There are 2 protein chains.
Amino acid sequence: MERADLHDKDTVFTRTGDFADRDAFTAAGWCAMERSLEVVGTRSAMMLVREAFYGGRRFDDLVRRTGLAETVASKRLRQLVADGLMERRPYRVPGARTRHEYVLTERGRSLFPLFVALMNWGSATDGGRGGVELAHAGCGEALLPAVRCAAGHDVGIEETEARLVTSRPAADEPSR
Amino acid sequence: MERADLHDKDTVFTRTGDFADRDAFTAAGWCAMERSLEVVGTRSAMMLVREAFYGGRRFDDLVRRTGLAETVASKRLRQLVADGLMERRPYRVPGARTRHEYVLTERGRSLFPLFVALMNWGSATDGGRGGVELAHAGCGEALLPAVRCAAGHDVGIEETEARLVTSRPAADEPSR
DNA sequence: CTGTATCCCAGCGGATACTG
DNA sequence: CAGTATCCGCTGGGATACAG
């Protein structure tokens, strides 16, 4: 099954153990990536999350800044709340009646690396057309998505190994 | 415009300069994130890229391992090639007739951080149901998506600043 | 201002059947 | 084995109109 005619530049993941035959675990169940896409795989979902990152909270602002139709924004926001990415929170400005605002939950905020990766990948090939750029407020340098292992090493695609886990060790506690 | 009743945990991006009013640059054009979604915003596209990362190359394997219908895989692969994420390359095994295989281009390979972010976000909330896990082949530790600035600092969401750039300083693309 | 209710269209993805 | 051609249902998203 192994092919010997691959160029070095074609290297993908290291395949080890069960993974030598990827078919063996195709039946292992739902891929985590697909689970993510079920929730944030739509344009409207990511756009609303984006505006939330930018500080948008009120329905009106979110609609205008995303450019989505109100109907779409409404339905998607309801779903984002149901999925636990956002919280619909009442608040009141003195003298006005109670309103609601949409605030990212911790789960929603944990989309940050995904958002940066999307922004970066899109801008990497746009020929410098300009637009919004994300930067480190401390030093002003642009943000870049990275991949590291739990031990802190930077990991490239060719150093990545995929493996089958039957049941991951007790949920991700405060990772030490 | 500024709200003073925000909890610390609600902090999102730091807003500075032009960005104090996000509306000011809504008209600044297409968001890089949306550009990414136009290309890899579909389930089929990311699933095919995933299998390419896992080492899949032949049409038959890609179809079986993604579980996509042949028609869908066919059309999506054609588009991925057109978008420059994959390359359709002829090859031949002695004694057999020439076949084609799909190989990730550098642009396709640069989706690696995005892929890791998607995998990680999806598995972070699955209650440890098990499945595929990505790890550092060197030390065996699990992979995590990260965000850094060009100067090498780790950057959290609350240290992130968004700003408007009219035309980015000729990054890495002499084209055009 | 903050939505919801309808109607409509385009695109994704599947099923089936057919080629080289 | 590696696709293409057709048909078709589902849903994402927009337009319009209306409500609290």
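Presented here is an overview of the structure given in this document. (Residues numbered from 1 in each chain as written. Chains lettered and ligands numbered in written order. Predicted model: local features only at pLDDT ≥ 70, side-chain atom pairs only at ≥ 80, totals over all residues. Heavy atoms only, no water.)

**Section: the protein's contact with DNA strand D**
- Taken together, 19 residues form the shell around DNA strand D, and within it S44 of chain A together with D60, T71, S74 and R88 of chain B come nearest.
- One of the backbone nitrogen or oxygen atoms of R43 of chain A is found 3.2 Å away from a phosphate oxygen of DNA strand D.
- One of the side-chain N or O atoms of R76 of chain A is found 3.2 Å from a phosphate oxygen in DNA strand D. (Near = heavy atom within 4 Å. Polar contact = N/O pair within 3.5 Å; in protein donor to acceptor, adjacent residues only side chain to side chain.)

**A short note on the pattern of salt bridges**
- Across all of its chains, the model carries 23 salt bridges over all chains by this definition.
- Among the salt bridges present, the one from R22 of chain A reaches E51 of chain B, with a minimum N-O distance of 2.5 Å. Separated into two different chains, R22 of chain A in the loop between β1 (14–15) and α1 (32–40) and E51 of chain B in helix α2 (residues 43–53) make up a pair that spans both.
- For R22 of chain A, a relative accessible area of 6% gives the class buried.
- For E51 of chain B, a relative accessible area of 0% translates into the label buried.
- One salt bridge connects R109 of chain A with E106 of chain A, and the closest N-O pair in it is separated by 3.5 Å. You can see R109 of chain A and its partner E106 of chain A sitting in helix α5 (residues 106–109), 3 residues apart, about one turn around the helix.
- Under the relative-accessibility criterion, R109 of chain A is labelled buried at 13%.
- When salt bridges that share partners are traced, they join D23 of chain A together with R58, D61, R64 and R65 of chain B into one network. (Salt bridge = Lys/Arg side-chain N within 4 Å of Asp/Glu carboxyl O. Helix = DSSP H or I, 4+ residues; strand = E, 2+ residues; numbered from the N terminus. Buried < 20%, exposed > 50% of the residue type's maximum accessible area, 1.4 Å probe, protein only.)

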